[in-house]
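Overview (structure and organization)
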Amino acid sequence: MPYKQFEEYTTKVTNEVKDRYKTIIEELGEDVTREGLVKTPERAAKAMQFLTQGYDMDAAEILKGAMFAEDYNEMVIVKDIELYSLCEHHILPFFGKAHIAYIPNGYIVGLSKLPRIVDVFARRLQVQERLTHDILECINNTLQPKGVAVVIEASHMCMMMRGVQKQNSVTTTSGFRGAFENIETRTEFLKLISSDLS
């Protein structure tokens, strides 16, 4: 399914998830008939559908829809791509930014498509390590560039709000394929995004 820029909900799923949220809220000791909570189960059900809509999207098809033959073989970087995802361990948000680079091999891709595939994979229950890998492999397998690099920096609410409660920690993950496995190319990429890395 192509990238969606609008919110779309399935009535059956909304109703089923809404009922489950209502039960959870009640079991936590709250009154779901209280004014502030009456519509919360439905809002939460819709929010979860939006935050997990990546399951219905095909990142490879998004890239294929904007590949253009071009004789350009230098590094292309899109950095500071905002991302918001849900940790699959606690279903709490993690958020941050992704930096993506690739070296074309006969084809370039529309620049907006790189942030879109970040969204496709981020809008699923995730761990940051797999999110990095998914983005990297999708670009590498679909675009078949000379090289691809992905770095993600994110803060995790499961560490900030609960557990160790460390509010200032940032997790950085990275992946490199092809030309970026060469230390000189990798260093150039990291230098170009270094103003954004801690």
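Cut-offs applied
- Residues numbered from 1 in each chain as written.
- Predicted model: local features only at pLDDT ≥ 70, side-chain atom pairs only at ≥ 80, totals over all residues.
- Heavy atoms only, no water.
- Helix = DSSP H or I, 4+ residues; strand = E, 2+ residues; numbered from the N terminus.
- Contact = heavy atoms within 4.5 Å.
- Areas by Shrake-Rupley, 256 points an atom, 1.4 Å probe, with all protein chains shown as cover.
- Lys, Arg positive; Asp, Glu negative; His and termini not counted.
- Charge placed at Lys NZ, Arg CZ, Asp CG, Glu CD.
- Axes fitted to C-alpha atoms, helices over the stretch in contact; angles between N-to-C directions.
- Parallel < 35°, antiparallel > 145°, perpendicular 65-115°, else oblique.
- Left-handed = near helix turned anticlockwise from the far one by under 90°.
- Pairing = 2+ DSSP bridges.

Moving on, we get to the overall build of the chain. In terms of regular secondary structure, the chain is built from 7 helices and 7 strands. The linear arrangement of helices and strands in the chain, starting from the amino end, is α-α-α-β-β-β-β-α-β-α-β-α-β-α. Taking contacts inside the chain between residues at least 6 apart in sequence as the whole, the part at least 24 apart equals 71%. With the model as given, the accessible surface of the chain reaches about 11200 Å², and the carbon-plus-sulfur share is 51%. Averaging the locations of the 23 positively and 28 negatively charged side chains of the chain gives two centres separated by 3 Å.

Looking now at the packing of helix α4 (residues 113-122) against helix α5 (residues 128-143). The axes of two packed helices give the description: the angle between them and the distance between them. One can describe the packing of α4 onto α5 by two numbers: an axis separation of 10 Å at closest approach and a directional angle of 135°. Overall, the two elements α4 and α5 adopt an arrangement that is oblique. You can see that α4 and α5 cross each other, and the crossing is right-handed. Each of Leu114, Ile117, Val118, Phe121 and Ala122 in α4 lies in contact with α5, whose residues at this interface are Leu131, Asp134, Ile135, Cys138 and Ile139.

Our next topic: the pairing of strand β2 (residues 76-87). One ladder, built from 9 bridges, connects β2 with strand β3 (residues 93-103); its direction is antiparallel. Bridging from a neighbouring strand, Ile81 pairs with Ala98 of β3. What sits between the antiparallel neighbours β2 and β3 is a turn of 5 residues, in which Ile91 has the positive phi angle 50°. Both β2 and strand β5 (residues 125-126) contribute to a ladder of 2 bridges, which runs parallel.

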